[in-house]
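Observations on the three-dimensional arrangement
The chain contents come next:
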Amino acid sequence: MAVHGIDLGTTCSAIARSDRDGRPEVLVGMTGEATVPSVVLFASDREHLVGEGARRQARLDPDHVCALVKRRMGDSEWRFVSHGRSWSAAAVSSLILKSLCEDASFGSGEPVVSAVITVPAYFGDEERRATILAGTYAGLDVVDVLSEPIAAALSYGFGRLDGAPTMTKDGPDGAYETVLVYDLGGGTFDATVIELADRRISVLSVDGDHQLGGADWDERICLHLARRFCAENPDAEDPLDDSAGAQELVIAAERAKRELSDRESTEVVVAHDGARSTITLTRAELEDMTSALMRRTIDLTRSCLEAAGKRGVGSVGRVLMVGGSSRMPMVEKALRSELGLAPELHDPDLAVAKGAALYGAKKELERMVTGDLVTRGHLRAAELLEDAPPAELDAACRRAADALGLPLAQVRRSIDIKVDTVVSRGFGVLAANPMTGELEAVWLVHRNDHLPINVQRSFGTVRRDQDAIEIRIVEQQSQAESIRVQDTKLLIAGKIEGIPPGYDEGSEIRVHFTMGFDGLLTVFAHHVDAALPLTLTAQTGATLSQAEVARERDQLQRTRRRDA
Ligand code: AMP
């Protein structure tokens, strides 16, 4: 069963799988569209609608339409309340995923069982966990979460291998190319520098803002249109004071923005409260009113390039623009004039889903080959494929190729490709400063450190026979690392319990923090002198409390049964 690739986007989502030749194909559902708006309309407390229909209805029923939910991922406090029911961001996202998968299986005739879901590179631990939870709620086996720029680079790398190879430099892994992925979507922005070698994709630096995207451009246009409308119709109500009027304005603004990507000027009709204005909007005006947003993406890109520079990357060979908003001419202009780059648009809507499908195919082959080697006793369950004897790995790849009817070289290449990535946000612990007594963040891992991470930190007990210590693990929240508690985001507030009696003050508790390629953090502790593992009971803000998770799952299952 194929592992599908899903781009769970802020404004639109898409799903793809690898075809028999290993090429990514985007699955279109009943609508025939390659992308589906990530919008949910809660029509009643029992019925909901996802996609274009929901987006269109948004105008008529704005209070029951949930859009841009991706911006809320990982925010454990946030709920969308409609018809007396409240939905977490993961639960709303699960409805989008479920609809996308059902629609795709309708078109392809193959159920979507397992998937790789993409996330912005800048997503931290909480947002990644919320994404996995959304997939689980939707009944999917989430094989992995993959950073969107890596997916875009995979699809670019695949296309390049298929077409015109343009490697630029030679290095220890053979020829390689350094690529900047500038990804401006509907609600998030990511800048990533990636090195693309023949069999290795290495992320060198990431930066971004998941509260910055096309929707912010729409908002600025809305404000401008409302101001002009009110100036021309002083007796009419401000359309922004009415939710249906505001929704209508957002739709008009988004349409105007797209039109201005192709021409210099457009006209927007604003009709509200019995009044009507035809407002001319030029590309120059749009660029002027959104220059601060554009500047922020440039500043973040610059800082990403500087971080890559610290890793010895003097210049990037290629700049790929992905995400629908990078179609705005101002993006290319600013990258050229401000950063001296020569960017190219790369399949802006579908590169991420296609790359996720390629990665899904790799994961599927890895699973198959690993299973084969474990069954034959050539690999232990916890070991990595590269730990297998080379001849046995070859033989297992051949068996997989025969079983699937694929060329051996394709299986081998897919298995051999390695993805190295970095931490998107630093993490550490809160501790009292011994000089001032103030609580401060002590950073254990810094943004752009290479994954996987395995760090340890020792804590001493403060009294004899102390049986537990409190621990608070935080993630970097602000752009730069800061020791101030208010610049951090609490990931885990926990207690390390079960410290055995009979030990003096200062006895050592060692805490291990590990983070795998998926960017998910795991924490465990042990008592050094007693050589005893300790229990960490933790509340993670990451998702929801266990009880709430169970309640939401039941609720979704009930909805699903009713739908069936
Ligand atoms: P994505 O999240 O990558 O699907 O990007 C969606 C965003 O791209 C939305 O904010 C769209 O308004 C924006 N977008 C799509 N096409 C265009 C275009 N031709 N010009 C400007 N923005 C666009």
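Residues numbered from 1 in each chain as written. Predicted model: local features only at pLDDT ≥ 70, side-chain atom pairs only at ≥ 80, totals over all residues. Heavy atoms only, no water.

Of all the six residues making up strand S10 (residues 114–119), six are buried; the element is thus mostly covered by neighbouring parts of the structure. Judged by which residues are buried, S10 turns out to be covered on both faces: Ser114, Val116 and Thr118 on one side and Ala115, Ile117 and Val119 on the other are all buried. Relative to S10, strand S1 (residues 3–7) is paired through five bridges, and the arrangement is parallel. Each bridged residue has a counterpart across the sheet, and for Ile6 the counterpart in S10 is Ile117. With six bridges joining them, S10 and strand S11 (residues 141–147) adopt parallel strand pairing. Within S11, the position partnered with Val116 by the bridge is Asp144. Crossover handedness for the path S10 to helix H3 (residues 125–137) to S11: right-handed. (Buried < 20%, exposed > 50% of the residue type's maximum accessible area, 1.4 Å probe, protein only. Helix = DSSP H or I, 4+ residues; strand = E, 2+ residues; numbered from the N terminus. Pairing = 2+ DSSP bridges. Right-handed = clockwise from strand over helix to strand, strands pointing away.)

On to the domain arrangement of the protein chain, then. Taken as a whole, the protein chain is organised into domain 1 (3–161), domain 2 (214–291) and domain 3 (427–530). Carbon and sulfur atoms make up 55% of the surface buried where domain 1 meets domain 2, a total of about 660 Å² over both sides. Summed over the three residues of domain 1 that lose the most area to domain 2, namely Arg59, Pro62 and Arg71, the buried surface amounts to 65% of that side. At the boundary of domain 1 and domain 2, one finds one salt bridge. When the shortest N-O distance is used, the salt bridge between Arg71 and Asp216 registers 2.7 Å. Counting across the interface, domain 1 meets domain 2 through one residue pair in polar contact (both at pLDDT 80 or more). Here the side of domain 1 that touches domain 2 is composed, by residue class, of three nonpolar, no polar and four charged. (Domains from an automatic or database assignment. Buried area = accessible area lost by both parts, 1.4 Å probe. Salt bridge = Lys/Arg side-chain N within 4 Å of Asp/Glu carboxyl O. Polar contact = N/O pair within 3.5 Å; in protein donor to acceptor, adjacent residues only side chain to side chain. Nonpolar A, V, L, I, M, F, W, Y, C, P; charged D, E, K, R; others polar.)

Another aspect to go through is the site of the ligand. Neighbouring the ligand are 14 residues, the closest being Gly186, Glu254, Lys257, Ser261 and Gly324. Measuring from an oxygen atom of the ligand, one finds a side-chain N or O atom of Glu254 at 2.4 Å. For the ligand, an oxygen atom lies 3.1 Å from a polar atom in the backbone of Ser325. Protein coverage of the free-state accessible area of the ligand, which is 500 Å², stands at 88%. Residue contributions to the shell around the ligand peak at four residues, all from helix H6 (residues 243–262). Split into classes, the residues belonging to the shell around the ligand amount to two nonpolar, eight polar and four charged. (Near = heavy atom within 4 Å. Areas by Shrake-Rupley, 256 points an atom, 1.4 Å probe, with all protein chains shown as cover.)

Residue placement: Asn448 occurs in the loop between strand S22 (439–445) and strand S23 (453–460). Classification of Asn448 by relative accessible area gives buried; the value is 8%. Ignoring any residue separated from it by four or fewer positions in sequence, one finds Asn448 in contact with Leu204, Ser205, Val206, Ala307, Arg311, Val422 and Val423. (Contact = heavy atoms within 4.5 Å.)

Time to look at the pattern of salt bridges. If you walk through the whole model with that rule in mind, you get 40 salt bridges. Note that Arg484 and Asp487 form a salt bridge whose closest N and O atoms lie 3.0 Å from each other.

Where helix H5 (residues 214–232) contacts helix H8 (residues 291–310), the axes come no closer than 10 Å and their chain directions differ by 160 degrees. Judged on the interaxial angle alone, H8 and H5 are roughly antiparallel. Considering the relative orientation of H5 and H8, their crossing is right-handed. Together, Asp216, Trp217 and Arg220 of H5 and Leu293, Met294 and Thr297 of H8 make up the contact between the two elements. Class assignment for the residues of the contact of H5 with H8 results in three nonpolar, one polar and two charged. (Axes fitted to C-alpha atoms, helices over the stretch in contact; angles between N-to-C directions. Parallel < 35°, antiparallel > 145°, perpendicular 65-115°, else oblique. Left-handed = near helix turned anticlockwise from the far one by under 90°.)

Summarising burial for strand S26 (residues 508–515): six of the eight residues are buried, a large majority. Sheet topology note: the S26/strand S27 (residues 521–527) ladder contains seven bridges and is antiparallel. For Thr514, the partnering residue across the bridge sits in S27 and is Thr522. Taking the residues that link successive antiparallel strands as the turn, the S26-S27 hairpin has five residues, and the phi of Gly519 there is positive, at about 80 degrees.

The antiparallel open sheet is built from three strands, whose spatial order is S6-S5-S7. The sheet is open, and its two borders are formed by strand S6 (48–50) and strand S7 (65–66), each paired with just one other strand. In terms of strand pairing, strand S5 (residues 40–42) meets S6 through three bridges, oriented antiparallel. Paired with Leu41 across the bridge in S6 is Leu49. Sitting on the sheet, helix H2 (residues 89–108) touches S5, S6 and S7, and the angle it makes with S5 is about 110 degrees.

Tallied over the full model, the rule gives zero disulfides. Between Cys101, a cysteine without a disulfide, and Cys12, which holds the nearest cysteine sulfur, the sulfur-to-sulfur distance is 16 Å. Look at Cys101 and you get buried, because its relative accessible area is 7%. (Disulfide = S-S within 2.5 Å.)

For the rest of this paragraph, the subject is the confidence of the model for the protein chain. On average, residues of the protein chain score 88 in pLDDT, and 92% of them reach the 70 mark or higher. Per-element averaging of pLDDT across the protein chain places helix H13 (residues 546–563) at the bottom with 58 and helix H7 (residues 283–289) at the top with 98. Contacts of residues 162–167 to residues separated by more than four positions or lying in other chains number 13 contacts, the stretch itself having pLDDT below 50. Confidence drops under a pLDDT of 50 for residues 541–547, and excluding neighbours within four residues, the segment shows 19 contacts in the predicted structure. (pLDDT = per-residue confidence, 0-100.)

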